[in-house]
Amino acid sequence: TPIVLVVNPGKLPAKDVKELIALLKAKPGGYNYGSSGNGTILHLATELFVQEAHVEVRHIPYKGVGPMLTDLLGGQVDMGTLSLPSVQQHLKSGALRAVGVTGAARTNAAPDIPTVAEQGFPNYIVDAWFAVIAPARLPAADVKRIHDAFAAAFASPEVAEVMAKQGNVINVSTPEYAAQFFRSELAKYARIVKAAG
């Protein structure tokens, strides 16, 4: 699921990452970012940006995306990261402005929004992903059966169409890759959490 770094243009009139960083550096600690709660992907995605950009921005954790988005639109929150589907209508209306996509590549759902990485931060890559998990000792035959069922479902034209409309990218991996990916993601986010205190 594509995630975008967004600003309330009335509070932070930045059009790109360079302008955003300049505004944040001009007023250290003078701006805030909202998240859907401590330790969520939206919190850690913005925290990684703050760390990579070497800026001071106050974190305001919310109990979910809804309240955070309401306050971002209302101007109580200056910036944050959100899934593209949750903010697309607000980007179109101009109520919010996207300054960058957090993934490694631009998204087909909004190809005009550059990535944060291509704007000078090659180490800033945050993807939201979903996984199917099961008990650790699930027999291999059951793992294969469940994996194959999900792979078949995601290969169906109906699911592909709905996912594309939401800006989601389907990339069904293997159970072996998932185990390796979990370990690398855990290490990545542990570093971010430690640096954030």
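In what follows, the accompanying structure is described.

Reading guide: rules and limits
- Residues numbered from 1 in each chain as written.
- Predicted model: local features only at pLDDT ≥ 70, side-chain atom pairs only at ≥ 80, totals over all residues.
- Heavy atoms only, no water.
- Pairing = 2+ DSSP bridges.
- Helix = DSSP H or I, 4+ residues; strand = E, 2+ residues; numbered from the N terminus.
- Right-handed = clockwise from strand over helix to strand, strands pointing away.
- Buried < 20%, exposed > 50% of the residue type's maximum accessible area, 1.4 Å probe, protein only.
- Contact = heavy atoms within 4.5 Å.
- Polar contact = N/O pair within 3.5 Å; in protein donor to acceptor, adjacent residues only side chain to side chain.

1. Side note on the pairing of strand β3 (residues 58-61)
In terms of strand pairing, strand β2 (residues 32-35) meets β3 through four bridges, oriented parallel. The residue bridging Asn32 from the neighbouring strand is Arg58, located in β3. Since β2 and β3 lie parallel, the crossover through helix α2 (residues 41-53) that links them has a hand, and here it is right-handed.

2. Observations regarding the environment of Thr81
Mapped onto the secondary structure, Thr81 falls in strand β4 (residues 79-83). Residue Thr81 is classed as buried on the basis of its relative accessible area, which comes to 0%. Between the alpha carbons of Thr81 and Ser36 there is a distance of 9.4 Å; along the sequence they are 45 residues apart. Setting aside residues no more than four positions away along its own chain, Thr81 makes contact with Ile3, Val4, Leu5, Leu42, Ala45, Thr46, Met68, Thr102 and Tyr124. Separated by 2.9 Å, the side chain of Thr81 and the backbone oxygen of Leu42 make a polar contact. Separated by 2.8 Å, the side chains of Thr81 and Thr46 make a polar contact.

Note that all results are geometric; they support no functional claim without further evidence.
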